[in-house]
Amino acid sequence: MINIVIFGAPGSGKGTNSAELVKRFGYDHISTGDVLRAEIKAGSELGKIAQGYISQGQLIPDELMIGILTNVYDEKLTNGKGVIFDGFPRTIAQAEALKKMLAERGQKIAIAMNIVVDEKVLMDRLLKRAEIEGRADDNEETIKKRFNVYYTQTQPLLKWFEKEGVLEDFAYDGGTREEFAAKIINRVEKL
Ligand code: AMP
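Since we're looking at a predicted model, the values are computed, not measured.

Asker: How would you explain the pattern of salt bridges if you had to name every residue and give the values?
Answerer: A pair can form between side chains of opposite charge whenever their charged atoms are brought close. Considering all chains together, one arrives at 15 salt bridges under this definition. K100 serves as the salt-bridge partner of E104, at 3.5 Å between the closest nitrogen and oxygen. Remark: K100 and E104 occur in helix α5 (residues 92-104); sequence separation between them is four residues, near one turn of the helix. Comparing E104 with K100, the two get one shared label, exposed. A salt bridge links K144 to E140, with the nearest nitrogen and oxygen atoms 3.6 Å apart. Here E140 and K144 lie together in helix α7 (residues 140-154), a separation of four residues that amounts to about one turn. One connected set of salt bridges, linked through shared partners, spans R129, R135, D137, D138 and R146.

Written out as structure tokens, the structure is:
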């Protein structure tokens, strides 16, 4: 089974490219952001806790997030082909927990695909997404906070992935979504 981490700043296209991989390879997809948004919609206890953090552009505490991820991993696997982690890990503690959880299941991270996009492009995309999807955390103020959280808490993970020998960069060079997705798919085909 292949475990793929899709990594990148807010708006870099983690969700979009994950969906392309799901379509092409039939992998399971775990988006922790989607899991949390579903909990909020359902009005669960967890959703109530998550909402406070998400609306502030802050990360859900590691301990809580790691517990959620482990449950989803054990429940969501449908075919054993592969899993795409989208939006997790976001901190070093989460990465260490993921490594441990996978090892306990005889698994490991095959690749961390780091999507690299210019920050101006990211901001434009997120503001556009705000108009289309109406995501509560896609307003300019919260977006700025999310970038800040990304740079301070999440980006340091690149070094961690590098040390693990799994990091690969995929730079967005201004082409179409499809062209970029093709790059990602081609790489995964070779895993
Ligand atoms: P996303 O859809 O991945 O951009 O996630 C939206 C929001 O959900 C983030 O800004 C965080 O508040 C929260 N979130 C998602 N994944 C995580 C995670 N792995 N750790 C902590 N918070 C998360």
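Asker: I'd like a description of the nonpolar core, backed by residues and values.
Answerer: If you look at the biggest cluster of nonpolar residues, it comprises 50 residues, and the most contacted ones within it are V5, L21, F85, L98, I109, M113 and F161. Dropping the residues within four chain positions of it, L98 is found in contact with V5, L69, F85, F88, P89 and I109.

Each value, and the rule that gives it
Residues numbered from 1 in each chain as written. Predicted model: local features only at pLDDT ≥ 70, side-chain atom pairs only at ≥ 80, totals over all residues. Heavy atoms only, no water. Salt bridge = Lys/Arg side-chain N within 4 Å of Asp/Glu carboxyl O. Helix = DSSP H or I, 4+ residues; strand = E, 2+ residues; numbered from the N terminus. Buried < 20%, exposed > 50% of the residue type's maximum accessible area, 1.4 Å probe, protein only. Core = buried A, V, L, I, M, F, W, Y, C linked by side-chain atoms within 4.5 Å. Contact = heavy atoms within 4.5 Å.

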